[in-house]
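In case you want the letters, here they are:
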Amino acid sequence: MRIGGQRRSDNFQDRGRGAGGGGGGGGMLFALISRLGFRGMILAAIVLGAVYFFMPGLRAPLMGALGLGGGEVQSAGSVCETAAEACDFSRAVLGSTEDVWRTQFSQSRMPRYGAQPGAYQDPTLVVFSGGVATEGCGSASSDVGPFYCPADRRLYIDPAFYQVMESRLRAPGDFAQAYVIAHEVGHHVQNLIGANQIQVQGENRNQTSVRMELQADCLAGVWGHTAQADLAIDETDLREALTAAHAIGDDTLGQSNERNFTHGSSAQRMNWFRRGFDSGDSRQCDTFAVQDYRAL
Ligand SMILES: [Zn+2]
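These remarks concern the structure in this document.

Rules behind the numbers
Residues numbered from 1 in each chain as written. Predicted model: local features only at pLDDT ≥ 70, side-chain atom pairs only at ≥ 80, totals over all residues. Heavy atoms only, no water. Helix = DSSP H or I, 4+ residues; strand = E, 2+ residues; numbered from the N terminus. Expected span 1.5 Å × (residues − 1). Buried < 20%, exposed > 50% of the residue type's maximum accessible area, 1.4 Å probe, protein only. Salt bridge = Lys/Arg side-chain N within 4 Å of Asp/Glu carboxyl O. Axes fitted to C-alpha atoms, helices over the stretch in contact; angles between N-to-C directions. Parallel < 35°, antiparallel > 145°, perpendicular 65-115°, else oblique. Left-handed = near helix turned anticlockwise from the far one by under 90°. Contact = heavy atoms within 4.5 Å. Nonpolar A, V, L, I, M, F, W, Y, C, P; charged D, E, K, R; others polar. Phe/Tyr/Trp six-rings, centres within 6.5 Å; stacked < 30°, edge-to-face > 60°. Donors = N, O, S within 2.8 Å, 3.2 Å for Na, K, Ca; no water. Disulfide = S-S within 2.5 Å.

### Structural notes on helix H5 (residues 174–193)
Three or four residues apart is the spacing at which side chains of an α-helix point the same way, because the helix has 3.6 residues per turn.
Here comes step 1: Taking 1.5 Å per residue as the helical rise, H5 with its 20 residues ought to reach 28 Å, and the 28 Å between its terminal C-alpha atoms agrees with that figure.
Here comes step 2: Burial runs high along H5: 19 of the 20 residues are buried.
Here comes step 3: Positive backbone phi, at 85 degrees, marks Gly194, one or two positions downstream of H5.

What follows is the structure, encoded as structure tokens:
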């Protein structure tokens, strides 16, 4: 793919490095446990307990440092200073999704869930490092991966995730990264068309989640299809996206019990991305219209 001629979106925020809150807290707690041993842990628990009850001013930073939530993430510095290329790339892909979805919405080429969604409204992409305090979804650590917060209509991405994709998930390539952004934008699209309000009769939360995630994959595919000419998306790019979709399937990530799936299997994720990419039609992405869950 080539992003040279693509407009960069200004719906972009650099929050810098976040500390405290969920940011790296789990790792810190783990390091503490492994370093102190059992007796040390008891002692630490007494000390921390005392701090918690007698020094309320220190509660938030304490809970934050332990990764127990409730703590506020303090951000400083700039992500884009050190990850300039990733930031520029993210802005270009975001700009392309805006172009695509504005047109798709204005042509009413969207699945219908109740009321007509009206014009597309741009989401904001927030880049952060380590941890971030969101406006609508509490504090989050990079460990949770990129995510979309419907309450504040922002996408949150730590560019370090692109490294994780390349080395740990073995899903390298610029278009694999673009797919991740487009997938999160897909969740924003779902928010606008009301897909996240749907409750399928007789299905549980995990099953609804799988339908949502597969639809977001398909919508990412629709974006890829529509942006194909402008961004010179080729066969290699498509393979990168499919490799990424495969890598983040619940089964490939180690979940053997299908009932615990929240995102769908590797095969399902590839299929639904492909469906959007081949058709370029969001109405083909209506995972909620598939009656039998097992037929997804
Ligand atoms: Zn998702």
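Okay, back to it.
### So, the pattern of salt bridges
Here comes step 1: Taken as a whole and assessed by the stated rule, the structure comprises 13 salt bridges.
Here comes step 2: For Glu135, the salt bridge identified is with Arg15, shortest N-O distance 2.9 Å. Within this pair, whereas Glu135 is found in the loop between strand S4 (131–133) and strand S5 (139–141), its partner Arg15 is found in strand S1 (residues 12–19), the two being separated by 120 residues in sequence.
Here comes step 3: In this structure Arg15 comes out as buried when scored by relative accessible area, which is 18%.

### Let's talk about the packing of H5 against helix H7 (residues 235–247)
In a packed pair of helices, the relevant descriptors are the angle between the two axes and the axis-to-axis distance.
Here comes step 1: Where H5 contacts H7, the two axes come as close as 7 Å, and the packing angle between them is 55 degrees. Accordingly, the angle class assigned to the pair H5 and H7 is oblique. Along this stretch, H5 crosses H7, giving a crossing that reads as right-handed. Contacts between H5 and H7 involve Asp174, Phe175, Ala176 and Tyr179 from the former and Asp237, Leu238, Glu240, Ala241, Ala244 and Ala245 from the latter.
Here comes step 2: Residues that form the contact of H5 with H7 fall into these classes: seven nonpolar, no polar and three charged.

### Regarding the packing of aromatic side chains
Here comes step 1: In total, this model carries six aromatic pairs according to the counting rule given.
Here comes step 2: When the ring of Tyr113 is compared with that of Phe288, the centres are 6.0 Å apart and the planes differ by 85 degrees; the resulting orientation is edge-to-face. You can see Tyr113 sitting in the loop between helix H3 (84–106) and strand S3 (124–129) and its partner Phe288 sitting in the segment after helix H8 (266–279), a full 175 residues away along the chain. Each of the two residues, Tyr113 as well as Phe288, counts as buried.
Here comes step 3: Taken together, the aromatic side chains of Tyr179, Phe273 and Phe277 make up a single cluster linked through ring pairs.

### Digging into the coordination of the zinc ion
Here comes step 1: Listed as protein donors to the zinc ion are His183 (NE2), His187 (NE2) and Glu213 (OE); their distances from the metal cover 1.9 to 2.1 Å.
Here comes step 2: As a motif over one chain, the donors of the zinc ion read H-x3-H-x25-E. Taken together, the positions of His183 and His187, both in helix H5 and four residues apart, correspond to about one turn of that helix. Here the two residues His183 and His187 agree in accessibility, since each one is buried.

### Some points on the state of the cysteines
Here comes step 1: Applying the stated criterion across every chain, the model contains three disulfides.
Here comes step 2: Disulfide partner of Cys80: Cys87, at an S-S distance of 2.1 Å. On the S-S bond that ties Cys80 to Cys87, the torsion sits near -90 degrees, and the link is left-handed.
Here comes step 3: Between Cys218 and Cys285 runs a disulfide, and the two sulfur atoms are separated by 2.1 Å. Of note, the bridge from Cys218 to Cys285 carries an S-S torsion of about -70 degrees and is left-handed in sense. Taken together, the residues span a long stretch of sequence, with Cys218 in helix H6 (residues 205–227) and Cys285 in the segment after H8 at a distance of 67 residues. Judged on exposure class, the residue Cys218 and its partner Cys285 are both buried.

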